[in-house]
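Single-letter residue listing:
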Amino acid sequence: MDVLHSLGAGLLHVLSFEDLPMLLLGLLIGMAVSIMPGLGLVMGVVLALPFTYRMHIEPAIILLTAIYVSGTYAGCFTAILYRIPGEPMDVPLLWDGYSMTQRGEAAKALGWALVAALAGGLISSAVMVALAIPFSNAALRFGPPEYFAAVFFGFTSIAALAGKSFVNAFISLCIGLWIATIGVDQTYSAQRFTFGMPVLMGGLPYVVILVGMYGLGELISRLGRGLPKIEKPPDEQTVGTSFPSLREMWALRATFIRSSILGTILGIVPGAGATITSFISYGIEKQYGKRRDQLGKGIPEGIVAPQIGSTASVAGHMIPLLTLGLPGSGATAVILGAFLLHGVQPGPMLFTSPDSKIVVYSILASLFVGVIGMCLMGFLWIKVVVKVLEIPQAVLVAIVMVFCIVGAYADRNSMNDVWVIVVFGLLGFLFERFRFPIAPMVLGVILGPLAESSFIQTMVSYNNDWTVFLRHPISGSLIGLSIIALAYPAVREILGRKSKADSIVLQPHVGGES
Amino acid sequence: MLLRGRLRRSAAYAVILCCAAYLYYLTQHIQFELVPGRVGPDAWPKIVLVLLLVTCIWQIARILIFGAAPATSADDELPLAEGEGDYTYLALLAIGVTVIYALVLPILGFFVATVFYIAAIAYVGRYRRVLPLVATSLIAPIVLVFVFMKIVYVALPLGVGPFKALTVVLLKIMGVH
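Residues numbered from 1 in each chain as written. Chains lettered and ligands numbered in written order. Predicted model: local features only at pLDDT ≥ 70, side-chain atom pairs only at ≥ 80, totals over all residues. Heavy atoms only, no water.

**Brief notes about the overall build of chain A**
- A count of helical and extended segments in chain A gives 22 helices and 2 strands.
- Taken over the C-alpha atoms alone, chain A extends approximately 70 × 60 × 50 Å along its principal axes.
- Looking at chain A residue by residue over its 514 residues, the buried ones come to 61%.
- Once local pairs closer than 6 in sequence are excluded, the contacts in chain A between residues at least 24 apart make up 78%.
- As displayed, chain A offers around 19300 Å² of accessible surface, 67% of which is attributable to carbon and sulfur atoms.
- Computed over 30 positive and 28 negative side-chain charges, the inter-centroid distance for chain A is 7 Å. (Helix = DSSP H or I, 4+ residues; strand = E, 2+ residues; numbered from the N terminus. Buried < 20%, exposed > 50% of the residue type's maximum accessible area, 1.4 Å probe, protein only. Contact = heavy atoms within 4.5 Å. Areas by Shrake-Rupley, 256 points an atom, 1.4 Å probe, with all protein chains shown as cover. Lys, Arg positive; Asp, Glu negative; His and termini not counted. Charge placed at Lys NZ, Arg CZ, Asp CG, Glu CD.)

**A word on the interface of chain B and chain A**
- At the junction of the two partners, chain B supplies 79 residues and chain A supplies 73 residues.
- In this assembly, chain B and chain A are joined by 1 salt bridge.
- Of the charged contacts in the structure, one is a salt bridge between A:Arg433 and B:Asp86, with a shortest N-O distance of 3.6 Å.
- Joining chain B to chain A, the criterion identifies 6 residue pairs in polar contact (both at pLDDT 80 or more).
- Of all the secondary structure elements, the ones that give two or more residues to the side of chain B that touches chain A are helix 1 (2-27), helix 2 (43-66), helix 3 (88-124) and helix 4 (130-151) of chain B.
- Per-element accounting of the side of chain B that touches chain A gives the leading share, 19 residues, to helix 3 of chain B.
- Among the residues forming the side of chain B that touches chain A, the class breakdown is 54 nonpolar, 15 polar and 10 charged. (Salt bridge = Lys/Arg side-chain N within 4 Å of Asp/Glu carboxyl O. Polar contact = N/O pair within 3.5 Å; in protein donor to acceptor, adjacent residues only side chain to side chain. Nonpolar A, V, L, I, M, F, W, Y, C, P; charged D, E, K, R; others polar.)

**Notes on a nonpolar patch on the surface**
All names here are of chain A.
- A contiguous nonpolar patch, built from Leu-28, Phe-243, Ile-372, Leu-376, Phe-379, Leu-380, Trp-381 and Val-384 and spanning about 760 Å² of accessible area, is present on the exposed surface.
- Element by element, the count of residues in the nonpolar patch is highest for helix 16 (residues 354-380), at 4 residues.
- One can find Phe-379 in helix 16. (Patch = residues over 30% accessible without salt bridge, like charges linked within 9 Å, V, L, I, M, F, W, Y side chains within 5 Å.)

**Remarks on the side chain of A:Ser70**
- Tracing the sequence through the fold places A:Ser70 in helix 4 (residues 57-71).
- Looking at A:Ser70, its side chain comes within polar contact range of the main-chain nitrogen of A:Met31, at 3.5 Å.

**Digging into the state of the cysteines**
Residue and element names in this part refer to chain A.
- Under the definition given, this model contains 0 disulfides over all chains.
- The closest cysteine sulfur to the non-disulfide-bonded Cys-375 is located on Cys-76, 9.1 Å from its own sulfur.
- Cys-375 sits in the buried class, given a relative accessible area of 5%. (Disulfide = S-S within 2.5 Å.)

That's the geometry; what it means functionally is another story.
So this is what it looks like as structure tokens:
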């Protein structure tokens, strides 16, 4: 009852003159960036971050969360209509969505995507609200060993899930953890890796690192891949939305339930971002769906499953962020950065004081309003939104690059930060080039200080006894989960090799024919 | 030929390995007075760098001995659109232009430097329509100056000498004080 009361109070805040415009703006930005191939929702959140410096925390987080949530939906427009996935998470949508478009059922495909995003977003948001208090109560019992184990689990799972190569993801994570150690150590006031440069004494500003890696680096990489030529949008008649009937939706109830549960649960796991949940939801549909043999040929299940998976993962990611202060994806890492910029450390304490509690519930309520708002915008303004594609890519990239640089400069009005972003932009490009995922590095930078302080506190409190992490039940369980996460890539590789070997055994006959 | 391919694939890891080894060496020289029974400020970076070193050595061995396949990313799943391909030189050009932009920003000021930067990056991005390019390069910095200085209150670099005078005139026209 208290939860519903708090949620109602949060809803009133969201509908206030301060929060609602930010929510609507966030939804629009999220839609625009996810439609443009190569920009993506994380870049949208990163680009908006510098503008939140002078805002209150509540509208700032609502703005970023709205970009995040609508960014998981709007990519369906270009994937379904033009076969251009705005982001990797939209790839499964085009397999069936574009097939429907080719059959002249584009409006129906978009209708299914809208219904799926609405259902996935609302169900997972409701689950998130229900889980928030139990999670924060559990987190209140966390001491330094538990916190270290939780962060360690976050690190291992993101390394296991973030990229296709565990080794590269782990190296990326270690680089991030090392970057977090640059500057003057807080306990001993010892200089670490400052190379005698005063600018490095206070450490590197993580906002600039985020904008450099996700923003500038990604844009440079896009220039290196060549900007795609986008055909002019089709005539206005084909860009519309047609809703499925209730009977049609009832027929897909199993897909709705399966994908909603999967999206929310996977969302809670650090590292399993919207892309992974989208692909896994599609994969599960391919294995267990009633019409699995027709998947990929243009059936609604192929749109509903990945769309629910990606939208539901947003609320899932917000649970560990708000209750433990642990981001599980690039976008939530940026949102954590926004919290820290405003001097607020997310975690169980947010739920204890009335002032911070209302902020949390406003954020939670904004997800419900945001999901409904993005679907309304998608339905009403789709013709306007797809016009974004008419902006020349090269010009857009140039302007966004300026935004990145000014965003870095704006934090402290410092030219040093401009150089920092240039360096991290170059690093981001190299990461893309050599297939090192960026998310683990960014999480390492943001969570590195927490990992180090909880590790040092544990060592001090327990006389340098390493076994304490295994002896405490919560930390022991989390370390156990971390070991499973570490073993997962090895198991995946072995299974991959086995299936490859099996296919080679079966292939010669086929190969001989060709 | 096979060995050369493997060496090329392991080059990035070798570079990281060398950097990590050097940084580990630096941790030996961190100045502090150790409190007995406590972990020093060098402990955490050492753990991180040892993990980095071990991982790099492991990966180099995997590539050189077992010929481990190169890593892929989620972007590889995306189908190649028309106009996409390998244009690394454009990325390098963009980096060069960005470095020059950072160098001249305090001298030319935000407005003048950004006019040239947007034009240069759009050109690097193979945009060749002159009139829209010139128009965008002029209008976008004006809008950005207005947004950042009038709405978000960011004190953007004004430049020096005549460039500063030009920026100040522009700011006066916009009503920015």
